[in-house]
Amino acid sequence: MNPESYQQIKSALLALGGQRVWSLMVTLFGDLAQTEGDTIDGPTLSAIMTELDVRPEAVRVALHRLRNDGWVASQKHGRTRRHALTPTSLAETQQASARIYASPENYETEWLLALLEDSTSISRREMAKHGFAPLLPRVYLGGSKAKAPSSALAISASQAPEWLRKQIAPQLQEEEYNALIPLLRLMTQSLSPDALTDLQIVVIRCLIVHNWRRIVLRHPALPPALLPENWAGTRCHVLVYKLLTDL
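Residues numbered from 1 in each chain as written. Predicted model: local features only at pLDDT ≥ 70, side-chain atom pairs only at ≥ 80, totals over all residues. Heavy atoms only, no water.

**What to know about helix α5 (residues 87–100)**
For α5, spanning 14 residues, the distance from its first C-alpha to its last is 19 Å, which sits close to the expected 20 Å at 1.5 Å a residue. Every buried residue belonging to α5 is among S89, L90, T93, A96, S97, R99 and I100, and all of these are buried. Structurally, α5 contributes buried residues whose contacts are with α2 (21–32), β3 (80–85) and α9 (198–216). (Helix = DSSP H or I, 4+ residues; strand = E, 2+ residues; numbered from the N terminus. Expected span 1.5 Å × (residues − 1). Buried < 20%, exposed > 50% of the residue type's maximum accessible area, 1.4 Å probe, protein only. Contact = heavy atoms within 4.5 Å.)

**Overview of the nonpolar core**
Residues M25, M49, L52, L184 and I208 are the most contacted members of the largest nonpolar core, which totals 69 residues. Looking at this core element by element, the count peaks at 11 residues for α9. In this structure, M25 is in contact with L45, M49, V59, A62, L63 and L66, ignoring residues within four places of it in sequence. Core analysis: the second largest hydrophobic core is formed by nine residues, A114, L116, Y140 and A152 among them. (Core = buried A, V, L, I, M, F, W, Y, C linked by side-chain atoms within 4.5 Å.)

**Examining the pattern of salt bridges**
Side-chain pairs of opposite charge can arise where the charged atoms are in close proximity. With the rule as written, the count across this model stands at seven salt bridges. Among the ionic pairs, K10 bridges to D53, the shortest N-O distance being 3.4 Å. Of this pair, K10 sits in helix α1 (residues 3–17) while D53 is found in the loop between α3 (42–51) and α4 (56–68), placing the two residues 43 residues apart along the sequence. In this structure D53 comes out as partly exposed when scored by relative accessible area, which is 48%. Where E176 meets R218, a salt bridge forms, and the shortest distance between an N and an O atom there is 3.4 Å. One end of the pair, E176, is in helix α8 (residues 174–190); the other, R218, is in the loop between α9 and α10 (232–246), with 42 residues separating them in the sequence. The class of E176 is partly exposed, set by a relative accessible area of 23%. Relative accessible area serves as the criterion here: at 45%, R218 is assigned to the partly exposed category. (Salt bridge = Lys/Arg side-chain N within 4 Å of Asp/Glu carboxyl O.)

**Focus on the packing of α8 against α10**
In contact at an axis separation of 9 Å, α8 and α10 are set at 35 degrees when each is read in the N-to-C sense. Judged by the sense of rotation from one axis to the other, the crossing of α8 with α10 is left-handed. The segment α8 lies against α10, with E174, Y177, N178, L180, I181, L184, R185, M187 and T188 engaging A232, G233, R235, C236, L239, V240 and L243. Across the contact of α8 with α10, the residue classes break down as 10 nonpolar, three polar and three charged. (Axes fitted to C-alpha atoms, helices over the stretch in contact; angles between N-to-C directions. Left-handed = near helix turned anticlockwise from the far one by under 90°. Nonpolar A, V, L, I, M, F, W, Y, C, P; charged D, E, K, R; others polar.)

None of this, on its own, says anything about what the molecule does.
Structure representation (structure tokens):
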């Protein structure tokens, strides 16, 4: 990847994923400091955020917000501040990482259909926490490990008719996946880790994860039996996994 291609890809990923500095920093800590005891020191954080085209004053504001929210803790060691995820945010990050960094081949085949008493008894947000995505009013689909509420009728299966697969896919951020895929493909074609500095690798990884996580964490994980063949989310997952492995 030549310098011009690197800048173009970086700018495109920043534009696609949005430039909320605190959100970028959440991604960065999740990628670099997701193990207990991991820290990012002040100079390193400043260098990365500068490479992400973020102004120093914006970094300070974002850090202040994350500390106030209990997401990041900072301690001074000599003249250097070291920043780390708090125990609570570390636990949340590790839980999300299991989904973000999962192998695209690590999927189950069984699935569940959950039927609610009525369309207002349990909200979509609550059903998503249980691992279910909406299909129709009162009807939700999830993987075999999803936990149906006690008031729901849950039916397990392995095979799904094509009409069911076609109906569920458009509700899973398909447009966002399709917008990210061309950039991921461009990177797989032009990316040469050996031609990048360590700082550039950190930045590209951060932006890949940032764009990927903002989509994939917005819907429950569903087994392939519920998804159409050549689904955009699966194609996106394969490209993300390859790039993060290469980097």
